[in-house]
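# Summary of the model geometry
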Amino acid sequence: MRSHLLNHLTAEDYRRSVTEGVARVAATLASVEQPFSGVGVDRLAPVVDAVDLDRPLGDTAAALDELSEVYLRDAVYFHHPRYLAHLNCPVVIPAVVGEAVLSAVNSSLDTWDQSAGGTLIERRLIDWTAGRIGLGPAADGVFTSGGTQSNLQALLLAREEAKVRPEDFSRLRVFASECSHFSVQKSAKLLGLGADAVVAVPVDREKRMQTVALAAALERCVAEGSVPMAVVATAGTTDFGSIDPLPGIAALCEQYAAWMHVDAAYGCGLLASPTRRSLLDGIERADSVTVDYHKSFFQPVSSSAVLVRDRATLRHATYHAEYLNPRRTVRERIPNQVDKSLQTTRRFDALKLWMTLRVMGADGVGELFDEVCELAAEGWRLLAADPRYDVVVEPRLSTLVFRYVPAHVTSPEDIDRANLHARKALFASGEAVVAGTEVGSRQYLKFTLLNPETTAADIAAVLDLIAGHAEQYLGESLERAS
């Protein structure tokens, strides 16, 4: 049997197999009528579990037929205009081409002798991003698996720069808004800080960190003998897309000698926006920044990076192994990316962004992000004018948090249950997918708009579907009660 390994002898097999796979996916994408099939775990799990992994099919076409049954038919399709749930984006075609190339060549971006040109492309994209942020000539960074890893590495650097002995880590404090990403708390735990290390700072009506409250919290921290290790400002909160007041936070970080980290995993698309870049004013004063290209740059998962103002701080993630990146390679000026990274083996995810910029340009990406921000503004106007719904805040980016509020029901608990049911029923129908969250201990629904092909008509139609499911649930509840 001929080898399945990809090499010069099997290049034609590779071409044929990939062509079959692309054709199958393209046909599936063209035929998708709704974002989800509505399949439940109980129905799909037996289909997957029935596959005998010890009996190979020996044929790409047969494997693709099976894949249609266990995955493609029931996948959740982010490219569908009525997928409105999480921070998942449809992907641009140049990035998908890059994905195919990087998977086939299979470079590992840890050392120069495994990646060569890949190393230089990643470094060039880091420089490009740092330039867009405005971090200055000493900036650097590295691609990561996602925002959680980027935030973890940034806070690791902040911890080390605080110059506190390990036995005193319990004195370190991290300040983040009430709406910050959960990875801030997760990172603090992984970094060995105390349970009370993360201080939640209140937000204003627009869900932005209150600088007055931050100033008071920092003052209390110092008075208690604790150390203000870092402030995490969010540029695009997961629920509300709110952007913390970066200039005011930067001034307080300078005053208290605290590391300023900006979690721009969501809002980084503004770096390419032809019209909204000013929303990130102040980000250039950060010590570190998280960007997720796989959110607002329309890249396939994963494509993320952490950037730092001072490349010297990346030394805190550096370990030398004689077989991989011995110390002499530093003296020889060999560019090993593993010297900056928490990961060792690492995909060439930068290639996807490189292909996107070379084909579409930054303005092309930014215009797509502008479109979804404008769509969110239109959606907010629809919700604000609809008596069936309560919308929390006018969007700065592309998320809308709202809840169905029936005129004839006054019990908050019943309204909570109606909204939870509507989301679940909508997902089970497959007609649309929306997210949910809590606001003030009450259940709300959420649209995360990252598809430029979604229209105001789609939003209006989904709102009608939600209302229909909620009303049906409330009607049935009333009948049961009577």
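Residues numbered from 1 in each chain as written. Predicted model: local features only at pLDDT ≥ 70, side-chain atom pairs only at ≥ 80, totals over all residues. Heavy atoms only, no water.

### Remarks on the sheet that holds strand 1 (residues 83-84)
- With mixed pairing, five strands are arranged side by side in an open sheet as 1-11-12-10-9. The sheet is open, and its two edges are formed by strand 1 and strand 9 (389-391), each paired on a single side.
- Relative to strand 12 (residues 442-448), strand 10 (residues 399-404) runs antiparallel, the two being bridged by four bridges. The residue of strand 12 that forms the bridge with Val-401 is Lys-446.
- Across the face of the sheet, helix 15 (residues 412-429) comes into contact with strand 10, strand 11 (433-439) and strand 12 while running at roughly 35° to strand 12.
- Contacting strand 1, strand 9, strand 10, strand 11 and strand 12, helix 16 (residues 456-481) crosses the sheet at an angle of about 30° to strand 10. (Pairing = 2+ DSSP bridges. Helix = DSSP H or I, 4+ residues; strand = E, 2+ residues; numbered from the N terminus. Contact = heavy atoms within 4.5 Å. Axes fitted to C-alpha atoms, helices over the stretch in contact; angles between N-to-C directions.)

### Here we look at the sheet that holds strand 7 (residues 288-292)
- Spatial strand order, 2-8-7-6-5-3-4: seven strands in an open sheet with mixed pairing. Looking at which strands have only one partner, the edges of the open sheet turn out to be strand 2 (140-144) and strand 4 (198-201). Neighbouring strand axes in the sheet, compared pairwise and without regard to direction, differ in orientation by 20° on average.
- Here five bridges tie strand 5 (residues 227-234) to strand 6 (residues 259-264), and the two strands are oriented parallel to one another. When the bridges of strand 6 are listed, Val-232 appears paired with His-261.

### Here's the deal with the packing of helix 6 (residues 117-133) against helix 13 (residues 350-359)
- Two numbers describe how helix 6 lies on helix 13: the axes approach to 9 Å, and their chain directions differ by 65°. Here the hand of the crossing between helix 6 and helix 13 comes out left-handed. Seen from helix 6, the contacting residues are Ile-121, Glu-122, Arg-124, Leu-125 and Trp-128; seen from helix 13, they are Ala-350, Leu-353, Trp-354 and Leu-357.
- Looking at the contact of helix 6 with helix 13 residue by residue, the classes come out as seven nonpolar, no polar and two charged. (Left-handed = near helix turned anticlockwise from the far one by under 90°. Nonpolar A, V, L, I, M, F, W, Y, C, P; charged D, E, K, R; others polar.)

### Topic: the layout of surface pockets
- Here the largest pocket defines a volume of roughly 1600 Å³.
- In terms of lining, the largest pocket is formed by 41 residues, of which the most central are Val-25, Leu-29, Val-91, Val-96 and Pro-300.
- No other element matches helix 1 (residues 11-31), which puts nine residues into the lining of the largest pocket.
- Looking at the lining of the largest pocket, its residues break down into 29 nonpolar, 10 polar and two charged.
- Lining the second largest pocket are 18 residues, and of these Arg-123, Asp-140, Arg-311, Asp-339 and Lys-340 sit closest to its centre.
- Within the residue set of the lining of the second largest pocket, elements represented by two or more residues are helix 6 and helix 12 (328-331). (1 Å grid on protein atoms, 1.4 Å probe; cavity = no way out; pocket = protein on both sides within 12 Å on 5 of 7 lines; lining within 4 Å. Points joined across faces, edges and corners; volume = space filled by probe spheres on them.)

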